[in-house]
Amino acid sequence: MSASPAETPTTPSPPWRDALKVYLEPATLRMLALGFSAGLPLLLVLGTLSFRLREAGIDRTTIGYLSWVGLAYGFKWVWAPLVDRLPLPPLTTLLGRRRGWLLLAQCVVIAGLIGMALNDPRLGLTPLIWCALLVAFGSATQDIALDAFRIESAETRKQAALAAAYQTGYRLAMIWAGAGVLWVAAWAEVAPAAAVTGAAAYQNGAWKTAYLVMAASMAVGVITVLLSPEPVPRVLPKAKNAAEWLQSVLVEPFADFIRRYKWQAVLILSLIAIYRISDVVMGIMANPFYVDMGFTKDEVASVSKIYGVIMTLVGAFVGGVLSMRLGVMRVLMLGAVLSAASNLLFAWLASRGHDLTALIAVVSADNLAGGIASAAFIAYLSSLTNISYSATQYALFSSLMLLLPKFIAGYSGVFVDAYGYSTFFVATALLGVPVLALVALASRMTAITRPADRQ
């Protein structure tokens, strides 16, 4: 069996001690903090927002359609070439190209979160949606710059560790944006009258406080950007005219990928397009499911914050170490199996009703699977990029990863209303079956070394 693009047969496995020491290096620790900044906005415009909207009395079908706000992540490849090459005076002069774009994107996210805090969905969804779109656009732009920053910060053999640190920070932020925001909102609530139930008990002031706290939490990323060194800038050849500049910025990054992988590019892109489909489609209805099952904000927050954090850390750590020792493709297959299987546990949970012990078990297993799969997947995507076009090519990969799943997820509310939660969760697990076949095929591909490694 030939090696995959993510693995080269001539590279010996490092000793366990060296594989673990990489997690204490400055570049890895920076990626932990920047991963937190990247992960924070996602749930605030998707999962957590769906909890907030359902609690406010918004129907499931509308919530499903509103998840299309997340399609901004699926189209970030459109402006990725600008982030990759376009300077931002004076930010580029002061911070460098990567850090300048990172800081700008983080400021956009903060502004959007403040806007979401100040709008009440019961008075109209349009202002809230526009602010959510602003957060999604800023977050997607941050992802573009951060992926390039990460790829350019270390050689290929350390990318799995950086990916694991990034994923750990990302998942911690998702816990904070998922569990933490619920805890803050619950803490900020005032005791309602005994007769007030359902949507009438919704307290927008509590959610306002929670979203303002989330906006303040973006300071973790801002401070890290200001204190981090800029990766060594690559000297880019000057274009002779506008047409040549457009060719190098918009066309060449994609043409380079096709030239390197030829027909195998179709297989790679197909795998990327559906690898996380089970998780993404299911995730949109997870929080409305918790609300409809009668779980309180405190219960969901506590389970996610304690058991979810522990299993996420374990999953990301195990995924990173196993990727370095056993190879990315083997862990990629393991992650695909676990991600699909964990959705079946949600179908089981739907039959249990309000069962806190069952919720703990399901959330723990789901976070463990997600941590393993994500660490391996990020390392795989990183191995495919040409460092000369790292931002643009990685944006293409990560956009493709979300485009189809997010589109399908928009109909999740319609599906749940028609067939119920149990059938929905089983269906999302079955969506992961084709992923297993694509990972198996991709594992047989001929190894192609990253261009940066041949220099």
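Conventions we followed
- Residues numbered from 1 in each chain as written.
- Predicted model: local features only at pLDDT ≥ 70, side-chain atom pairs only at ≥ 80, totals over all residues.
- Heavy atoms only, no water.
- Salt bridge = Lys/Arg side-chain N within 4 Å of Asp/Glu carboxyl O.
- Helix = DSSP H or I, 4+ residues; strand = E, 2+ residues; numbered from the N terminus.
- Buried < 20%, exposed > 50% of the residue type's maximum accessible area, 1.4 Å probe, protein only.
- Axes fitted to C-alpha atoms, helices over the stretch in contact; angles between N-to-C directions.
- Parallel < 35°, antiparallel > 145°, perpendicular 65-115°, else oblique.
- Left-handed = near helix turned anticlockwise from the far one by under 90°.
- Contact = heavy atoms within 4.5 Å.
- Nonpolar A, V, L, I, M, F, W, Y, C, P; charged D, E, K, R; others polar.
- Expected span 1.5 Å × (residues − 1).
- Polar contact = N/O pair within 3.5 Å; in protein donor to acceptor, adjacent residues only side chain to side chain.

(A) Main features of the pattern of salt bridges. Within the structure shown, the criterion is met by 12 salt bridges. With its nearest N and O atoms 3.7 Å apart, the salt bridge here joins Asp 143 to Lys 76. Linking Asp 143 in helix H9 (residues 126-151) with Lys 76 in the loop between helix H5 (71-74) and helix H6 (80-85), this pair joins segments that are 67 residues apart in sequence. We classify Asp 143 as buried; its relative accessible area is 5%. With a relative accessible area of 3%, Lys 76 lands in the buried category. Salt-bridge contacts for Arg 260 lead to Asp 256; the nearest nitrogen and oxygen are separated by 3.0 Å. On the criterion of helical spacing, the pair formed by Arg 260 and Asp 256 is a turn pair, its members being four residues apart in helix H13 (residues 242-261). Across this residue pair, the class does not change: Arg 260 and Asp 256 are buried. Here the salt bridges share partners, and the residues they tie into one network are Arg 54, Arg 60, Asp 292 and Asp 417.

(B) Spotlight on the packing of helix H8 (residues 97-118) against helix H12 (residues 219-227). At a minimum axis separation of 10 Å, H8 and H12 run at an interaxial angle of 165°. Overall, the two elements H8 and H12 adopt an arrangement that is roughly antiparallel. The two elements H8 and H12 cross, and the hand of that crossing is left-handed. Only Gly 221, Val 222, Val 225 and Leu 226 of H12 make contact with H8, whose side of the interface consists of Arg 99, Leu 102, Leu 103, Gln 106 and Ile 110. Looking at the contact of H8 with H12 residue by residue, the classes come out as six nonpolar, two polar and one charged.

(C) Highlighting helix H2 (residues 26-44). Its 19 residues give H2 an end-to-end C-alpha distance of 29 Å, which sits within 8% of 27 Å, the value for a rise of 1.5 Å per residue. Along H2, 15 of the 19 residues are buried, which leaves the element largely enclosed by surrounding structure.

(D) Focus on the packing of H8 against helix H11 (residues 204-217). Two numbers describe how H8 lies on H11: the axes approach to 8 Å, and their chain directions differ by 170°. Relative to H11, H8 is oriented roughly antiparallel. Contacts between H8 and H11 involve Ile 110, Leu 113, Ile 114, Met 116, Ala 117 and Leu 118 from the former and Asn 204, Lys 208, Tyr 211, Leu 212, Met 214 and Ala 215 from the latter. Looking at the contact of H8 with H11 residue by residue, the classes come out as 10 nonpolar, one polar and one charged.

(E) Here's a closer look at the environment of Thr 423. By the secondary structure assignment, Thr 423 is in helix H21 (residues 421-430). On the accessibility criterion, Thr 423 (40% relative accessible area) is partly exposed. Considered as a pair, Thr 423 and Leu 344 are 79 residues apart in the sequence and their alpha carbons are 9.7 Å apart.

(F) Molecular detail of the side chain of Ser 37. Mapped onto the secondary structure, Ser 37 falls in helix H2. Polar contacts involving the side chain of Ser 37 include one to the side chain of Gln 142, which spans 2.5 Å. For Ser 37, the residues in contact, after removing those within four places along its chain, are Gln 106, Gln 142, Met 218 and Gly 221.

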